[in-house]
Amino acid sequence: DDAEAEEDEENDNDAEMKTVAENDIDEEEKDGNDEEGDGNIGNGQTMVVQQQTTDSRQVCRYDATCYRKYLNHFKEYQHPKKVQAESEKVRENIQAQIQKILDRKLAIHNASEIARDKIISAAKTEMDALISNAKQAYETKCNEAKQRCVQNKQKADDDYNTNAAPIKQTEQVELSKIQEKYGPK
């Protein structure tokens with residue numbers, strides 16, 4: 001505690017201490033490309049905007065390299081560079097987590113598209129095979145129908161010839177009888 005009190009006393013007496021004004025915002029944070037003012041800076045990233053308030057505490061002379069752990073020290077002194085560095089670590093960590101989720105999302109999208117394309121390709125191959133088989137079945141049925149037609153016509157012709165010949169002979173015989181009966185003698 002004595003060492004802490006000594007350091008606090010040194011910090012109080014240090015003439016080169018700076019104060020952080022309300023408008024002392026890092027230029028990169030000022031120009032975060034948030035053109036719409038909605039907190040979104042593109043690529044799925046959201047800019048965290050911290051409201052600046054007037055802070056009357058003095059800046060710790062060690063700032064980013066301050067090794068102190070006591071809460072009273074942090075209540076008494078500002079550490080803007082340390083805050084900025086730790087904030088950057090948090091942002092980087094969050095961005096890495098978001099990137100991991102984004103990479104997973106993109107991998108799932110790509111895998112889904114590949115699976116879709118494989119299913120469509122398999123369905124097309126199956127459809128082409130079904131169409132080919134249907135065409136072959138159609139051609140087979142057409143050929144069978146043509147053959148049956150020819151066979152049926154041949155049977156009909158044969159039946160006609162077989163059954164018509166005796167009738168024609170009967171006709172000739174009957175006509176001859178009529179001729180003999182009514183014809184000149």
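The model shown is predicted, which means the values in this text are computed figures rather than measured ones.

**Brief notes about the overall build of the protein chain**
Next up, step 1: In terms of helices and strands, the protein chain carries 4 helices and 2 strands.
Next up, step 2: Its helices and strands taken in sequence order, the protein chain reads α-α-β-α-β-α from the N to the C terminus.
Next up, step 3: Scored against the burial criterion, the 185 residues of the protein chain give a buried share of 12%.
Next up, step 4: Expressed as a percentage of contacts within the protein chain between residues at least 6 apart in sequence, the contacts between residues at least 24 apart total 48%.
Next up, step 5: Summing over all exposed atoms, the protein chain offers an accessible surface of approximately 15900 Å²; the carbon and sulfur share of this is 52%.

**Here's the deal with the pattern of salt bridges**
Next up, step 1: This structure, assessed with the given rule, holds 5 salt bridges.
Next up, step 2: Between Arg 57 and Asp 55 there is a salt bridge; the shortest N-O distance is 2.7 Å.
Next up, step 3: We classify Arg 57 as partly exposed; its relative accessible area is 28%.
Next up, step 4: We note a salt bridge from Arg 91 to Glu 88, for which the minimum N-O separation is 3.1 Å. Of this pair, Arg 91 and Glu 88 are both found in helix α4 (residues 80–182), 3 residues apart, which corresponds to roughly one turn of the helix.
Next up, step 5: Residue Glu 88 is classed as partly exposed on the basis of its relative accessible area of 34%.

Rules and cut-offs
Residues numbered from 1 in each chain as written. Predicted model: local features only at pLDDT ≥ 70, side-chain atom pairs only at ≥ 80, totals over all residues. Heavy atoms only, no water. Helix = DSSP H or I, 4+ residues; strand = E, 2+ residues; numbered from the N terminus. Buried < 20%, exposed > 50% of the residue type's maximum accessible area, 1.4 Å probe, protein only. Contact = heavy atoms within 4.5 Å. Areas by Shrake-Rupley, 256 points an atom, 1.4 Å probe, with all protein chains shown as cover. Salt bridge = Lys/Arg side-chain N within 4 Å of Asp/Glu carboxyl O.

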